[in-house]
Amino acid sequence: MKIRFMYTICFTAVILFLLVSCKSNNEESTMVEKKSFGKLSNGDEVFIYTLTNKTGLKAEITNYGATVVSLFVPDKNGKLEDIVLGYDDIEGYEKGESYFGAIVGRYGNRIARGKFVLDGKEYQLSINNGENHLHGGKIGFSKRVWEVLGVESKMGGSSMTLKYVSKDGEEGYPGNVELTVNYQLTADNELFINYTATSDKNTILNPTHHSYFNLTGDPNKTVLDHLLMIDADKFTPVDKGLITTGEMADVANTPFDFRTSEAIGKGINDVNEQLKYGLGYDHNWVLNKHQEQIFKFATAYEPISGRFMEVFTDQPGVQFYSGNFLDGKVKGKHGVMYQQRTGFCLEAQKYPDSPNKPKWPSPILNADKTLPYRQTTIYKFSVK
Ligand code: BGC
């Protein structure tokens, strides 16, 4: 009798456990949703995935360009608002030239005249920015359809993994490159971006993420009142075509000094040759802690909404771009015409034109598949 009673207790406990775990699995599995994002001009359908976490953050990501279309983050009163620029539909992304929210590559940023030498051979990449190569060329990773390898919900967050195989010779680059990008929205309100890549020939690779943030949640406002900190004593000056000159200049006593938080707008209109070339900030900062594995290199704070963003990476540099080329002609989400400086990017990367600057951290990816490319960049959100 006693034994039967024990069996009944155990049996009931197992059933209860199964029911509870089933319920939590179901709850978790509701954290990623997939729907159509329409058709490209060639008729191919693309999709949009909604990732959420247990605190209500929401990221919408399309497999076209592995692009973050929207990112809903609470302000200090808990109001969720979209804090990234983008387009309403796939047509906008297909035609657009601003790289909103995309993964750019094979080489994010500029390569002078699209030329570089690797293993004694000169390569000519496609030219798409004046006389230079920018963000992977005419049809870079941001304008490709990525394969979705999987979505997952766990530990109060959700994630998706995308893959793009870039063919040998694409845009002039050597080697078949297989790149996977894993986006994770964690329970701690972080957007993790993990990159892994291999190649079957020696090549160059420098992918980055190109979200334009506006922490006010209102893209009609500029980002000039955001307080920005970049932990960097030096930046890499550019020439008129925004190609790095090879120097590293001190930020001290210049408008490039963001070592303590400063309003983006404070020095942006100063008389300064570098600011003139970029129409504002469009430069690479040399990150102080780049010998460390993953480190915090920037923060941005928007005082009215209270939104605070911290950014971490394992990369040596960051391109801080203050949205200078937005000119009111780009029709963004909800029909808003994006005006100059209504979004800013913090693109973790190797220093621009590094294939032609042998002393700088190398963007070379060897054919050795046991040494894959890896990058982690994290945007973390809170309020103050
Ligand atoms: C570049 C800018 C460019 C923008 C959009 C940024 O990463 O530094 O010069 O205009 O991307 O293309």
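Residues numbered from 1 in each chain as written. Predicted model: local features only at pLDDT ≥ 70, side-chain atom pairs only at ≥ 80, totals over all residues. Heavy atoms only, no water.

J.: I'm lost on the nonpolar core in this one. Help?
T.: Soluble globular proteins tend to pack their nonpolar side chains together in the buried interior. Of all hydrophobic cores here, the largest spans 59 residues; its most connected members are L71, Y183, F213, W285, M309 and F320. Looking at this core, the element that brings in the most residues is strand β13 (residues 177-185), giving five residues. Counting residues in hydrophobic clusters, the runner-up holds 18 residues, among them V46, Y87, Y93 and Y212. (Core = buried A, V, L, I, M, F, W, Y, C linked by side-chain atoms within 4.5 Å. Buried < 20%, exposed > 50% of the residue type's maximum accessible area, 1.4 Å probe, protein only. Helix = DSSP H or I, 4+ residues; strand = E, 2+ residues; numbered from the N terminus.)

J.: Looking at this structure, how should I read the pairing of strand β29 (residues 373-383)?
T.: The side chains of a regular strand alternate, first on one face of the sheet and then on the other. With eight bridges joining them, strand β14 (residues 190-199) and β29 adopt antiparallel strand pairing. Bridge pairing links F192 to I378 in β29. Sheet analysis places strand β23 (residues 307-313) next to β29, joined by seven bridges and oriented antiparallel. Bridge pairing in β29 links V311 to Y379. (Pairing = 2+ DSSP bridges.)

J.: When you look at the domain arrangement of the protein chain in this model, what are you seeing that I'm missing?
T.: Many descriptions give the size of an interface as the accessible area lost when the pieces come together. When cut into domains, the protein chain gives domain 1 (2-30) and domain 2 (34-383). The C-alpha-based centres of domain 1 and domain 2 are spaced at 46 Å. (Domains from an automatic or database assignment.)

J.: Quick question: what am I supposed to make of the site of the ligand here?
T.: Taken together, S98, Y99, R110, H135, H210, Y212, D282, Q319, Y321, F325 and E347 make up the full set of residues near the ligand. R110 places a side-chain nitrogen or oxygen 2.7 Å from an oxygen atom of the ligand. Contact between the ligand and D282: an oxygen atom at 2.4 Å from a side-chain N or O atom of the residue. For the ligand, whose free accessible area comes to 310 Å², the fraction covered by protein is 94%. Of the residues belonging to the shell around the ligand, the class tally is four nonpolar, four polar and three charged. (Near = heavy atom within 4 Å. Polar contact = N/O pair within 3.5 Å; in protein donor to acceptor, adjacent residues only side chain to side chain. Areas by Shrake-Rupley, 256 points an atom, 1.4 Å probe, with all protein chains shown as cover. Nonpolar A, V, L, I, M, F, W, Y, C, P; charged D, E, K, R; others polar.)

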